[in-house]
Amino acid sequence: MTRAEMRKQGRKGSGGGGSEGPPNGRNAGRNGKPGKKRLIDYPRFGKSGFKRWMPSWKQVLSLFLIFFGGGVAAIGVAFAVIPVPNAKDSIKLQNNIYYWANGDEMVRKGDTNKQWAELSEISRPAQDAAIAAENETFRTDSGIDPKGIARAVYKMATGGETQGGSTITQQYVKNVYLSQEQTLSRKAKEFVIALKIADDKDGILTGYLNTSWYGRGATGIQAASQAYYGVDASKVDICQGAMLAGLLKGAALYDPTLNQGNRDRMQERWNYVLDRMQATKAITAEERAKCGPKFPEPIEVKAPANMNGEIYYLVETVNNFITAKDKTIDGAKLARGGYQIYTTFEKDKVDALKTAVDQVKSESLEPNRREADKFVQVGAASVRPNDGAIVALYGGDGIENGHYSNNADSKVPVGSTFKPFVLAAAMQYGVQTKNGPTQLNQDSLYLADNLSPIYRDGKPLMGDDGKPYKQRNDSPSKPGYVTLKRAMQSSYNVPFVQLGQDVGGANVEKMVKELGILPGSLEPSSTITFPLGTSHPSSIRMASAYSVFAARGQQTDPYSVSKLLYNNVENPAFGKPQPKKVLEQAVADNITDVLENVAKNGTGTKTNALGRPVAGKTGTTDAGTSAWWAGYTPELSTAIGMWREEAGNPKLLSLNGTAGHESVHGGDFPTEIFTRYMKIVLKDKPVQDFPNPAPWGQEVDSSGAPVSPSAGSSTSASAPAEQSSAPAEPTTSKSPDGSLTPSPSNSSTCQGNNCGPSKSPGRPSKSPSESASGSPSAPPGGGGGAGNLLGMMGQ
């Protein structure tokens, strides 16, 4: 019999215990005696198929009651055992301690600007502005946002970036619950605390306004009112209250005194808060109109004495690095203190860099006598190659002198210091030729004549005026075709703009990013003048990018914190980053060889005073709005930027006339600062030579270039579609500096590094349309944007 037949017969039987058939029923046991009933009948006995696994309604109800009862009990226990933190405890003072690279203490930064104010001591506009900005329904809602909690739990579970509380109640609990961990247990505790205090609206608002971070070292509305407007919280008006409420979204991004971007964001946020105050009837239309378009300007920052000199900029750099590296740490958490921060800054180098800047400025500038000597700014940074450590920076004259923006992190166009990146891209990725992409070398010939047209796919690029675009050099000379090494030495613009077309703007951009330049600091790579440094990386990033050449192709992200502890517990997110290879070693060494020639024989000859090998490049932007030197020795890479900018007015002013110079170039003051600084920090250090570069690539000459004896198997960059016949090339040879010189039979000669004739005798008699070529892979749009400019100044 089958099992089913046996069960059926057993149900019909009398239970007599005969020898045939199974015991009667599911409660029957051995020998016909009743069996013991299971505590949990699952899988269900006596059922077949899916019904065997389908729980009964009794089981479902039992499970629900168990879990519901357990949940209620758990919440009850949590209510009993989880205390509500004392909000005033959260503003107790703790220091952050910053250390130099050698472990010596640099500074203790304690947030001493913390003051408690009762709700009756906070003006109604300040209260209403905070509510309108952060939680319009605060006075009537439950204080809990289930969607926001679910979103935060999901973010933590998936490893995403967590967000702050959605309601003022939740934000307040987050403010006073000081644990730094982002865990489900913490969220559960915050949820319970929010439930316990949800009905005390006045208490929540008081605590929230007193524990929120407003920037400028101010925790709480009373401290913020004094820091930004010099008044007590009880005196804050509608316009000021809306600005202070705007800071609650993130003081680092909305403090209008930090930079122009912050100011623009705050202006928009301020108007939004005022509009919401009117919409919620906290203020009338007439009161809104009194604020009008006039923004309530904050007072100047009061500088603590221990943050004078460069210390303020060092601390700011470190704090920005910490909050960017670990998203769980924001400005408010840093302000609460308790951190031990070990930096990469070396005191002797920081002092030496400041000394060099101060000496050059004091010896050269007379702001009381010359208008062009006013508002001169310098930003500088030093990075250790193959390590990434930022060992020194110069951020400005000091907050004690009213200078608060960090010049080492300022965004100023870098000019021709960008050209080595273009050459690196051409050597690493290759330029487009008839045979496809070909890696070139520094001996490749390119036309350098002033006001030469630029070509792509054999066709001249058009400017915004609809006419063929012609690139300008810094001088009106016409040196003819020169090697790329010579072009870099003399900082000709024409060869590198054409080279940018041949390698492709997208490839140049790719190389720049590989070297560590941040995408947000780059101008569109499709513009014609992209290779001339219209982008605006910081001094820190430029020093880091040049350090890749010194490190023979190894790129390491710049960092300013080597170790971070919170309450003596080390944060594993901080430490030395790992280097990665972004350039072939031979490419990096050849770039160094080219840049060593710039320092020795070109626009950076002031560095010869060091008496040791130096490589680098000068940079000057159009109209002389900035001047740069980025250079390195084997052990240190340093970038120096100089510009004019009035505090509070972000417009760049021309350097022309500064220090009595008709025009200021990167080879002037920036190179002088670099040389003085390196003299100090490298004193008594053994001289290190750069490695000899291995051969790399082949000579890929721009279309129309003369053929020299050394270029017997050289390749020409892709030529125009139609080639006209050209006269036979005269015999030429290359001089040590890379320029073409005629044979002895020719009467024109080159002496030293200066090629005499304005037109090279070796230059073929070809039409302008045959003088250059371009990569078909280059991105479109070369005639737009900066194409209407006649180029950036070269040196």
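The structure this text deals with has already been given above.
I will try to describe carefully the structure that is included in this document.

Definitions and limits used
Residues numbered from 1 in each chain as written. Predicted model: local features only at pLDDT ≥ 70, side-chain atom pairs only at ≥ 80, totals over all residues. Heavy atoms only, no water. Helix = DSSP H or I, 4+ residues; strand = E, 2+ residues; numbered from the N terminus. Buried < 20%, exposed > 50% of the residue type's maximum accessible area, 1.4 Å probe, protein only. Contact = heavy atoms within 4.5 Å. Areas by Shrake-Rupley, 256 points an atom, 1.4 Å probe, with all protein chains shown as cover. Pairing = 2+ DSSP bridges. Axes fitted to C-alpha atoms, helices over the stretch in contact; angles between N-to-C directions. Parallel < 35°, antiparallel > 145°, perpendicular 65-115°, else oblique. Left-handed = near helix turned anticlockwise from the far one by under 90°. Nonpolar A, V, L, I, M, F, W, Y, C, P; charged D, E, K, R; others polar. Core = buried A, V, L, I, M, F, W, Y, C linked by side-chain atoms within 4.5 Å. Polar contact = N/O pair within 3.5 Å; in protein donor to acceptor, adjacent residues only side chain to side chain.

### So, the overall build of the protein chain
Then, in step 1: A count of helices and strands for the protein chain gives 22 helices and 30 strands.
Then, in step 2: Out of the 795 residues in the protein chain, the part that is buried amounts to 52%.
Then, in step 3: Within the protein chain, contacts between residues at least 6 apart in sequence are counted, and of these 70% link residues at least 24 apart.
Then, in step 4: Accessible surface, the protein chain as shown: approximately 35,600 Å² in total, 52% of it carbon and sulfur.

### Thoughts on the pairing of strand β1 (residues 95–99)
Then, in step 1: Judged by how many residues are buried, β1 sits mostly within the fold: 4 of 5 residues are covered.
Then, in step 2: In sequence, β1 turns back onto strand β2 (residues 105–110) through a hairpin of 5 residues, with G103 there showing a positive phi of about 95 degrees.
Then, in step 3: Bridging between β1 and strand β6 (residues 339–343) involves 3 bridges; their strand directions are parallel. Paired with Y98 across the two strands is I341, which belongs to β6.

### As for the packing of helix α3 (residues 124–134) against helix α9 (residues 238–246)
Then, in step 1: The N-to-C vectors of α3 and α9 enclose an angle of 40 degrees; their axes lie 8 Å apart at closest approach. By the angle class used here, α3 and α9 are oblique. Where α3 crosses over α9, the two elements pack in a sense that is right-handed. Across the interface between the two elements, P125, A126, A129, A130, A133 and E134 from α3 touch I238, G241, A242 and A245 from α9.
Then, in step 2: Class assignment of the residues belonging to the contact of α3 with α9 gives a composition of 8 nonpolar, 1 polar and 1 charged.

### Overview of the nonpolar core
Then, in step 1: L423, L440, L499, F549 and L583 are the most contacted members of the largest nonpolar core, which totals 116 residues.
Then, in step 2: Once you skip the residues sitting within four places of it in the chain, L583 turns out to touch A424, Q428, M511, L515, V548, F549, R552, G553 and A588.
Then, in step 3: Core analysis: the second largest hydrophobic core is formed by 49 residues, A130, V173, I197 and A233 among them.

### Re unusual backbone geometry
The phi torsion of most residues other than glycine is negative, and most of the peptide bonds are trans.
Then, in step 1: Within the chain, D457 stands out as a residue other than glycine whose phi angle is a positive 55 degrees.
Then, in step 2: Following the sequence through the fold, D457 ends up in the loop between β13 (455–456) and β14 (459–460).
Then, in step 3: Overall, the relative accessible area of 40% leaves D457 in the partly exposed class.
Then, in step 4: One non-glycine residue, D684, adopts positive backbone phi at about 65 degrees.
Then, in step 5: Here D684 shows up in the loop between α22 (669–681) and β25 (700–701).
Then, in step 6: Residue D684 is classed as exposed on the basis of its relative accessible area, which comes to 74%.

### Thoughts on the environment of Y229
Then, in step 1: With respect to the secondary-structure elements, Y229 resides in helix α8 (residues 221–229).
Then, in step 2: Its relative accessible area of 9% is what places Y229 among the buried residues.
Then, in step 3: For the pair Y229 and V301, spaced 72 residues apart in the sequence, the C-alpha separation amounts to 10.0 Å.
Then, in step 4: Discounting chain neighbours no more than four positions away, the residues touching Y229 are A224, Q240, M243, L244, P296, E297, P298 and I299.

### Description of the environment of N175
Then, in step 1: Along the chain, the position of N175 falls in helix α5 (residues 168–176).
Then, in step 2: Exposure remark for N175: the relative accessible area of 14% places this residue in the buried category.
Then, in step 3: The sequence separation of N175 and N210 amounts to 35 residues, and the corresponding C-alpha distance is 9.7 Å.
Then, in step 4: Polar contacts involving the side chain of N175 include one to the side chain of T211, which spans 3.2 Å.

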